[in-house]
Amino acid sequence: MSDTRIRTATIAVLVENESGVLARVIGLFAGRGYNIDSLTVAPVDDEGRLSRITIVTSGTEMVIDQIKAQLDRLVPVHRVQDLTLEGPYLKRELALIKVVGQGDQRVEALRLADAFRARVVDATTESFVFEMTGNGEKIDAFCALMRPLGLKEVCRTGAVAIARGAVAL
Amino acid sequence: MSLTAEPAADTKPMTGAEVVLRALKDQGVDVIFGYPGGAVLPIYDALFQQNSIRHILVRHEQAAVHAAEGYARSTGKVGVVLVTSGPGATNAVTGLVDALMDSIPVVCLTGQVPTHLIGNDAFQEADTTGITRPATKHNYLVKRSEDLARVMHDAFYVARSGRPGPVVVDLPKDILIKPAPYVEAPAVGVPHRSYRPVTQPDMARIQEAVRLLKRSERPVIYAGGGVINSGPEASRLLGEFVRLTGMPCTNTLMGLGAFPASDPLFLGMLGMHGTYQANLTMHGCDVMFNIGARFDDRITGRLDAFSPGSKKIHADIDPSSINKNVRVDVPIVGDAGAVLAAMIECWNSDPTPVAKDAQLAWWRQIDQWRKRDCLAYVQQGPIIKPQHAVKRLFEITQELGRETFISTEVGQHQMWAAQYFGFDKPNRWMTSGGLGTMGYGLPAAMGVQIAHPAALCIDIAGEASILMNIQEMGTLAQYRLPVKVFILNNEYMGMVRQWQELLHGSRYSESYSESLPDFVKLAEAFHARGLRAQTADQLDDVIREMIAHPGPVIADICVAKDENCYPMIPSGAAHNDMIMGPSEAKYAAAVTDEGKVLV
């Protein structure tokens, strides 16, 4: 029987930047019962003609192959790349993290932020907003550390990803 | 050759509505099926002032789409629909999904409220592109006049390219009234910006497939609707390949006619109501060559018991059909015609010896299965067996030798038509396979008759299905379309009743066709001829009279009420677990809850 192991896939999709294209992609995932762990989208060329969608999803190998084939047959889709399979790649996510506290907790939060290379982008006498870029696990770890130190609000972009080396999508 | 309404290009600019018609004409459209309304009045006005495109006024928008499907499937051309905004568009949705499931090329133009009112809940406004996004292969909302002509051409390209399907173009009323620039369709060979389906197969895969088939001891060729969609040449090549290899061939419901039913190498249809020999051949084969079919659940039955010992070759134009339900060993992406041409070439040049003796033994086994004569029935006494009615209809049309097209509704009658009406040519059989849309057959036959005015077009129907689009009898009358509606009237939603009998303890919940109309009088009310056969000795006369009558006919064939459709693979069972007839029906009671969950 087919492989039932679940894997995570990071898929880059280059699409025509037309109205409804995001709804088409999301509708495909919803309609066929695929998972979306995260999804980011923005125009990526000068004329604003093309957008790039980065989707992090999970499923069996057969399901992930289906996801790629289904994406590829959408009319406004130019290219689909499974970064997870095609060599080394970089994956980054941006987070804004609000921590509210006083005294030692505040000092400790700032010290840990420094260790994690999170930048302070806003501060009051009782709060910080940290900006942090990195892979998802790093942000998870930082948020976990901040929780007892007064973590109040987290805002994350979801992952963007690109292959290493000279070859482009 | 210009539209009569079309002003000289350099004097007065064209309106959006004129651009729409010009694009249709340039795409080779000569007939459209539609229903007017406020938002599309500019197109209807432009239609009125020209003569090159014929408009067929249907009685319900769903029927417009089915008629376009019948037109498309019987000609290989794109079917075109024109409906208004709001309810016009929502009524068309069932037809669109039907065309999507069966890969039928249709372009559906929908009216829309003017751009400045979109999103305001205006009168007859619906989010048509939102509603039809999962119902179509692709859809467009034209918001700028300068996009109009390009989008129209794009819609036709998308509808017919790759795996064909329905495309909606949503047209706001102001775009139709304002002047719009016309651009010609892109020249053939100019690649589309983003949609470029692969049609030529990878030769390495073809070679792998040919070698597998040559070495195979128990091969089978399983051909589907993709062969028909590829065009008549693909069906010719399928015939050539099957005869070249001498392998057994079975067709799916959508593939009937792709390989001639009268050929000794044909095993009949496979699947839930397929023949004993076709299903056991699929179950026992060691190499399966699937060309243009999609391992639908009606074909595979229980997935983990589907053809357990075979290597599977799957050729499909849609890469997402490959490895979707069934893991295959040799995937081939390409157009069915191109794949078959490559297979024939490779078969002739590849030196691998054919496992001839083993294949002969395989044929002996298949002939044993054939001897079971799984479609046998006994016609005794005055009550007409539905199988007999279809068989006689087939035999009499054969005898007359007229070009014959058959459409069906959905249910038992559809399966009996598939089992007892033999198709030797492609594009002669229109049925709703994927979606299973009751009410498909009459409008589909209408579309076929428009495309083939001299042909004999018969809708084999059930008394329940036919009532779902019966209003189209009015369209038949208006355009003098001599469509024949052949109703197998058993006073039940027969397939529902059959499942209730086999799986739900004969509790016939709501499946009796109560308060039926008098179909003879109904025909007369719609200016058609009404006929009825109540006993077996009347059957042939009614069939002959139906065919001989020059106008539309409803023939009400009163058939046995309790007949079930066999063979049957009950839901959740494997191909070798077929129920062959009423005496084995008790086995269906053993269907597990897991099986009952399946439709």
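This text follows the structure it describes.
In this text the structure is predicted, and so the values were computed from the model without any measurement. (Residues numbered from 1 in each chain as written. Chains lettered and ligands numbered in written order. Predicted model: local features only at pLDDT ≥ 70, side-chain atom pairs only at ≥ 80, totals over all residues.)

## Some points on the overall build of chain A
Now for step 1: Check the secondary structure of chain A and you find 4 helices and 9 strands.
Now for step 2: Going residue by residue from the N terminus, the α and β elements of chain A occur as β-α-β-β-α-β-β-α-β-β-α-β-β.
Now for step 3: Counting only C-alpha atoms and orienting by the principal axes, one finds that chain A spans roughly 55 × 45 × 35 Å.
Now for step 4: Each of the 169 residues in chain A was classed as buried or not, and the buried ones make up 27%.
Now for step 5: The contacts of chain A with a sequence gap of at least 6 include a subset with a gap of at least 24, amounting to 74%. (Helix = DSSP H or I, 4+ residues; strand = E, 2+ residues; numbered from the N terminus. Buried ≥ 20, exposed ≤ 12 C-beta atoms within 10 Å, placed from the backbone. Contact = placed C-beta atoms within 7 Å.)

## What to know about the sheet that holds strand E1 (residues 6-16) of chain A
Across a sheet, strands are paired by hydrogen bonds formed along the backbone, either parallel or antiparallel in direction.
Residues and elements named next belong to chain A.
Now for step 1: The strand order across the open sheet formed by 4 strands is E2-E3-E1-E4, and the pairing between neighbours is antiparallel. A single partner strand is all that each edge strand has here, and the edge strands are strand E2 (38-43) and strand E4 (77-82). Across the sheet, the mean angle separating the axes of adjacent strands is 20° when strand polarity is ignored.
Now for step 2: In this structure, E2 lies alongside strand E3 (residues 50-60), joined through 6 bridges in antiparallel fashion. Within the sheet, the bridge partner assigned to Ala42 lies in E3 and is Arg52. (Pairing = 2+ DSSP bridges. Axes fitted to C-alpha atoms, helices over the stretch in contact; angles between N-to-C directions.)

## Re the interface of chain B and chain A
Now for step 1: Residue-level contacts link 15 residues of chain B with 19 residues of chain A.
Now for step 2: Here the residues of the side of chain B that touches chain A are counted per class, giving 4 nonpolar, 5 polar and 6 charged. (Nonpolar A, V, L, I, M, F, W, Y, C, P; charged D, E, K, R; others polar.)

## Examining the pairing of strand E6 (residues 119-124) of chain A
Residue and element names in this part refer to chain A.
Now for step 1: Among the 6 residues in E6, 0 count as buried, and that is only a small part of the element.
Now for step 2: Note that E6 and strand E7 (residues 127-134) share 5 bridges and pair antiparallel. Its bridge partner lying in E7, Arg119 is registered against Glu131.
Now for step 3: Connecting E6 to the antiparallel partner E7 that follows it, the hairpin turn spans 2 residues.

## Let's talk about the sheet that holds strand E8 (residues 249-251) of chain B
Residue and element names in this part refer to chain B.
Now for step 1: Read from one edge to the other, the open sheet built from 6 strands follows the order E9-E8-E7-E10-E11-E12, with strand pairing classed as parallel. Each edge of the open sheet carries a strand with a single partner, namely strand E9 (266-269) and strand E12 (330-333). Averaged over all adjacent pairs, the angle separating strand axes in this sheet is 15°, with direction ignored.
Now for step 2: Pairing geometry for strand E11 (residues 311-316) and E12, over 4 bridges, is parallel. Along E12, the bridge assignment pairs Asp316 with Val333.
Now for step 3: Helix H13 (residues 336-349) rests against strand E10 (287-291), E11 and E12 of the sheet, and its axis sits at about 140° to E10.

## Thoughts on the packing of helix H10 (residues 232-245) of chain B against H13(B)
All names here are of chain B.
Now for step 1: At a minimum axis separation of 9 Å, H10 and H13 run at an interaxial angle of 30°. In terms of orientation, H10 and H13 fall into the roughly parallel class. Judged by the sense of rotation from one axis to the other, the crossing of H10 with H13 is left-handed. Of the residues in H13, those in contact with Glu233, Ala234, Leu237, Leu238, Glu240, Phe241, Leu244 and Thr245 of H10 are Ala336, Gly337, Leu340, Ala341, Met343, Ile344 and Trp347.
Now for step 2: When its residues are assigned to classes, the contact of H10 with H13 shows 11 nonpolar, 2 polar and 2 charged. (Parallel < 35°, antiparallel > 145°, perpendicular 65-115°, else oblique. Left-handed = near helix turned anticlockwise from the far one by under 90°.)

## Points about unusual backbone geometry
Residue and element names in this part refer to chain B.
Now for step 1: Of note, the amide linkage connecting Tyr566 to Pro567 takes the cis form, showing an omega dihedral of -5°.
Now for step 2: In this fold, Pro567 is placed in the loop between strand E18 (553-558) and helix H22 (593-597).
Now for step 3: Not every positive phi belongs to a glycine, and Gln124 is a case in point at roughly 55°.
Now for step 4: Here Gln124 shows up in the loop between strand E4 (106-112) and helix H5 (128-132).
Now for step 5: The backbone phi angle of Glu510 is positive, close to 60°, even though this residue is not glycine.
Now for step 6: Tracing the sequence through the fold places Glu510 in the loop between helix H19 (494-503) and helix H20 (519-525).

## Examining helix H14 (residues 356-371) of chain B
Now for step 1: Between its first and last C-alpha, H14(B) extends 23 Å over 16 residues, near the 22 Å set by a 1.5 Å rise per residue.
Now for step 2: Phi turns positive one or two residues past the end of H14(B), at B:Asp373, with a value near 50°. (Expected span 1.5 Å × (residues − 1).)

## Side note on the pairing of strand E5 (residues 138-141) of chain B
Residues and elements named next belong to chain B.
Now for step 1: Both faces of E5 are covered, namely the face carrying His138 and Tyr140 and the face carrying Asn139 and Leu141.
Now for step 2: Note that E5 and strand E6 (residues 166-172) share 4 bridges and pair parallel. What sits directly across from His138, in E6, is Val167.
Now for step 3: Each parallel crossover has a hand, and for E5 linked through helix H6 (residues 148-160) to E6 it is right-handed. (Right-handed = clockwise from strand over helix to strand, strands pointing away.)

## Side note on the nonpolar core
Now for step 1: Formed by 202 residues in total, the largest nonpolar core has its most connected members in B:Ala64, B:Val81, B:Val106, B:Val107 and B:Leu238.
Now for step 2: Residue contacts for B:Val81: discarding those within four places in its chain leaves B:Ile32, B:Phe33, B:Gly34, B:Ala64, B:Val65, B:Ala68, B:Ala92, B:Val106, B:Cys108 and B:Leu109. (Core = buried A, V, L, I, M, F, W, Y, C linked by C-beta atoms within 7 Å.)

## Thoughts on H6(B)
Residue and element names in this part refer to chain B.
Now for step 1: Relative to the 18 Å expected for 13 residues at 1.5 Å per residue, H6 spans 19 Å between its end C-alpha atoms, a close match to the ideal helical length.
Now for step 2: Among the residues of H6, those classed as buried are Leu148, Ala149, Met152, Asp154, Ala155, Phe156, Val158 and Ala159.
Now for step 3: At its buried positions, H6 is contacted by helix H1 (16-26), E4, E5, E6 and helix H7 (173-177).
Now for step 4: Gly162 sits one or two positions beyond H6 and adopts a positive phi of about 60°.

## Description of the environment of B:Ser52
Residue and element names in this part refer to chain B.
Now for step 1: Mapped onto the fold, Ser52 is located in the loop between helix H2 (41-48) and strand E2 (54-57).
Now for step 2: Take Ser52: there are 16 C-beta atoms within 10 Å of it, and that puts it in the partly exposed class.
Now for step 3: When the C-alpha positions of Ser52 and Val31 are compared, they lie 8.6 Å apart, and in sequence the two are 21 residues distant.

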